[in-house]
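Overview (structure and organization)
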Amino acid sequence: MKATWNGTTIAESDDTVVVEGNHYFPRSSVADEFLTTSDTETFCPWKGTASYYNVVVDGETNADAAWYYPAPKDAAAEILDRVAFWHGVEVLP
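Summary of the structure given here. (Residues numbered from 1 in each chain as written. Predicted model: local features only at pLDDT ≥ 70, side-chain atom pairs only at ≥ 80, totals over all residues. Heavy atoms only, no water.)

Structural notes on the overall build of the protein chain
Counting its secondary structure elements, the protein chain contains zero helices and nine strands. Starting at the N terminus and ending at the C terminus, the protein chain contains elements arranged as β-β-β-β-β-β-β-β-β. Taken over the C-alpha trace, the protein chain has a radius of gyration of 12 Å; the compact-globule value for 93 residues is 12 Å, and the two agree within 12%. Based on the C-alpha atoms only, the size of the protein chain along its principal axes is roughly 35 × 30 × 20 Å. Counting all 93 residues of the protein chain, 46% fall into the buried class. Long-range pairs, those at least 24 residues apart, make up 44% of the contacts in the protein chain between residues at least 6 apart in sequence. For the protein chain, the accessible area works out to roughly 5,100 Å², and carbon and sulfur atoms hold 48% of it. Between the averaged position of the 5 positive side-chain charges in the protein chain and that of its 15 negative side-chain charges there is a distance of 6 Å. (Helix = DSSP H or I, 4+ residues; strand = E, 2+ residues; numbered from the N terminus. Rg over C-alpha atoms; globule rule 2.2 N^0.38 Å. Buried < 20%, exposed > 50% of the residue type's maximum accessible area, 1.4 Å probe, protein only. Contact = heavy atoms within 4.5 Å. Areas by Shrake-Rupley, 256 points an atom, 1.4 Å probe, with all protein chains shown as cover. Lys, Arg positive; Asp, Glu negative; His and termini not counted. Charge placed at Lys NZ, Arg CZ, Asp CG, Glu CD.)

So, in structure tokens, the structure goes:
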């Protein structure tokens, strides 16, 4: 799977975990140079608290376009150290 935004590959891996239709990429497969930290957090009753990254490509920012669970609940342990995308980031094979 490959995650792209504005024609740039942000993440690529053959080892994604699909939860609720979202591909979670291993954190090690995500290019750090395209992420900046966001202060946004959301809560999921069964996964826990999600933190977000902004995706930045060629000076353009896609706010909160990536998220991860730093300490997922036991039911979602498989997404620890993984990142998912939305807000226009294309995730395709």
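Things to note about the nonpolar core
Judged by nonpolar contacts, the single largest core of 17 residues is most densely connected at Ile10, Val30, Val55, Phe85 and Val89. Mapped by element, the contributors of at least two residues to this core are β1 (2-5), β2 (8-12), β6 (48-57), β7 (60-68) and β8 (82-85). No other element matches β6, which puts three residues into this core. When near neighbours in sequence (up to four residues on either side) are disregarded, Val30 contacts Ile10, Ala11, Phe25, Leu35, Val83 and Phe85. (Core = buried A, V, L, I, M, F, W, Y, C linked by side-chain atoms within 4.5 Å.)

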